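This is what each chain is made of:
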Amino acid sequence: MAIHLPNRIKTWINCIGLGVWISGAAWLVVHYGLGSQDALSLQVSPAGPWWLKVHGAFAFLAIWTGGLLWDLHVVKAWPQRRHRWSGGLLIGSLLLLIVSGYLLYYVGEESARQGISLLHWILGLLIPIAYLAHRLAKKLPRR
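All residue numbers here refer to positions counted from 1 along the written sequence of the relevant chain. With pLDDT at 70 or above as the cut-off, local features in this predicted model cover only qualifying residues; side-chain atom pairs require 80 or more to be listed or tallied, and sums for whole chains, interfaces and linings still use all residues. No hydrogens and no water enter the side-chain calculation; it runs on all heavy atoms of the structure.

**Student:** Which residues make up the overall build of the protein, and what values go with them?
**Tutor:** Within the protein one finds 4 helices and 2 strands. Counting only contacts in the protein whose residues sit at least 6 apart along the sequence, the fraction spanning at least 24 positions is 63%. Accessible surface is estimated by sampling points in the Shrake-Rupley manner with a 1.4 Å probe; for residues, cover comes only from the protein chains shown. When the accessible surface of the protein is totalled, it reaches about 10100 Å², and 72% of it is carbon and sulfur. Numbering goes from the N terminus for both helices and strands, where a helix is a DSSP run of H or I of at least four residues and a strand is a run of E of at least two. Any two residues whose heavy atoms approach within 4.5 Å are treated as being in contact.

What follows is the structure, encoded as structure tokens:
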């Protein structure tokens, strides 16, 4: 049972991953780092809502891509017991990002939103490390 993904699917995954990561990081820079400050000491920029919309569009594509990846790779690879730690960490991180993104959209209580937001953007900024760990795990010698 083949678990290796074709190059075109790897390219798709990398493009969607970069798109969601860059758009999220750009929103953080615009929201917290550029422009004038409002009454809450948050940065105000007209680019913020646009980056958030781009990020949301890439997030939908990332969810769809995750479903594709689940069927083509995860279900077939899991029984082989190879790279479970790195793959499990990556899938768990993606699931947590999906749930926290959903909660950011629907939770109205501000203190809860602040905690969810912090979790979402820290995990989002760090997820490339989990991805690289999983990609590089195959280079490690097998036991």
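On we go from here.
**Student:** Break down the side chain of Ser-23 for me, with residues and values.
**Tutor:** Position of Ser-23 relative to the elements: it lies in helix H1 (residues 7–33). Exposure categories follow from relative accessible area, calculated using a 1.4 Å probe and restricted to protein chains: below 20% of the type maximum is buried, above 50% is exposed, and the middle band is partly exposed. Ser-23 sits in the buried class, given a relative accessible area of 1%. At 3.1 Å, the side chain of Ser-23 forms a polar contact with the side chain of His-55. Beyond its immediate chain neighbours, meaning those up to four positions away, Ser-23 contacts Trp-51, Val-54, His-55 and Phe-58. As used in this structure description, the phrase polar contact means that two N or O atoms lie within 3.5 Å; if the pair is within protein, one of them must be able to donate a hydrogen and the other to accept it, and residues adjacent in sequence are counted only when both atoms belong to side chains.

**Student:** Describe the packing of aromatic side chains, with residues and values.
**Tutor:** Aromatic ring pairs: the centre-centre distance and the angle between the two ring planes describe each pair. Within 6.5 Å between ring centres, the rings of Phe, Tyr and Trp (the latter by its six-membered ring) count as paired, and their orientation is classed by plane angle as stacked under 30 degrees, edge-to-face over 60, tilted in between. By the definition in use, this model includes 4 aromatic pairs. Measuring from ring centre to ring centre gives 4.8 Å for Tyr-102 and Tyr-106, while their planes differ by 50°; the resulting arrangement is tilted. In this pair, Tyr-102 and Tyr-106 are both assigned in helix H3 (residues 84–106), 4 residues apart and thus about one turn of the helix distant. Summarising the aromatic geometry, the rings of Tyr-105 and Tyr-106 are spaced 4.9 Å apart at their centres and angled 80° between planes, so their arrangement reads as edge-to-face. For Tyr-105, a relative accessible area of 67% corresponds to the exposed category. Among the aromatic residues, those joined into a cluster by ring pairs are Tyr-102, Tyr-105 and Tyr-106.

**Student:** So what about the packing of H1 against helix H2 (residues 47–77)? Which residues, and what values?
**Tutor:** The convention used is that axes are lines fitted to C-alpha atoms, helices contributing only their stretch in contact, and that angles between N-to-C directions extend from 0 to 180 degrees. Between H1 and H2, the least distance of the axes is 8 Å, while the angle of their chain directions is 150°. One element, H1, and the other, H2, form an angle in the roughly antiparallel class. As H1 runs across H2, the sense of the crossing is left-handed. For this scheme, ten residues count as nonpolar: Ala, Val, Leu, Ile, Met, Phe, Trp, Tyr, Cys and Pro. Four count as charged, namely Asp, Glu, Lys and Arg, and the remainder, Gly too, count as polar. Considering only residue class, the contact of H1 with H2 consists of 20 nonpolar, 6 polar and no charged. By definition in this entry, angles of less than 35 degrees are roughly parallel, angles greater than 145 are roughly antiparallel, angles of 65 to 115 are roughly perpendicular, and the rest are oblique. Crossings are classed by handedness, with left-handed meaning an anticlockwise turn of the near helix from the far one by less than a right angle and right-handed meaning a clockwise turn.

**Student:** With reference to specific residues and values, describe the nonpolar core.
**Tutor:** In terms of nonpolar packing, the biggest core is built from 5 residues, these being Leu-90, Leu-97, Leu-123, Ile-127 and Ala-130. When contributions to this core are tallied by element, the ones reaching two or more residues are H3 and helix H4 (110–137). Not counting residues up to four positions away in its chain, the partners in contact with Ala-130 are Leu-89 and Leu-90. Nonpolar cores were defined as sets of buried Ala, Val, Leu, Ile, Met, Phe, Trp, Tyr and Cys residues, with membership established by side-chain atoms within 4.5 Å.

**Student:** How would you explain the environment of Gly-88 if you had to name every residue and give the values?
**Tutor:** Topologically, Gly-88 is positioned in helix H3. Each C-alpha atom of the pair Gly-88 and His-134 lies 9.1 Å from the other, and the pair is 46 residues apart in sequence.

**Student:** Can you explain H3? Please cite residues and give values.
**Tutor:** Taking 1.5 Å of rise per residue, the 23 residues of H3 would be expected to cover 33 Å, and the 32 Å separating its terminal C-alpha atoms lies within 8% of that figure. Residues of H3 that are buried include every one of Ser-86, Gly-87, Leu-90, Ser-93, Leu-97, Ser-100 and Leu-104, and no others. Where H3 is buried, its residues contact H4. Multiplying one less than the number of residues by 1.5 Å gives the expected span of a helix.

**Student:** Just give me the short version of a nonpolar patch on the surface, but keep the residues and values in it.
**Tutor:** A contiguous nonpolar surface patch, about 1000 Å² in accessible area, is contributed by Leu-18, Trp-21, Ile-22, Tyr-32, Trp-51, Val-54, Leu-118, Trp-121, Ile-122, Leu-125, Leu-126 and Ile-129. For the nonpolar patch, the secondary-structure elements that each account for two or more residues are H1, H2 and H4. Looking at the nonpolar patch, the element that brings in the most residues is H4, giving 6 residues. Relative to the helices and strands, Val-54 resides in helix H2. Judged by relative accessible area, which is 34%, Val-54 ranks as partly exposed. Residues qualify for a patch when their relative accessible area is over 30% and they have no salt bridge, like charges being joined within 9 Å and the nonpolar side chains of Val, Leu, Ile, Met, Phe, Trp and Tyr within 5 Å. Whenever Lys or Arg places a side-chain nitrogen within 4 Å of a carboxyl oxygen from Asp or Glu, that contact is recorded as a salt bridge.

So yeah, pure geometry; function would need other evidence.
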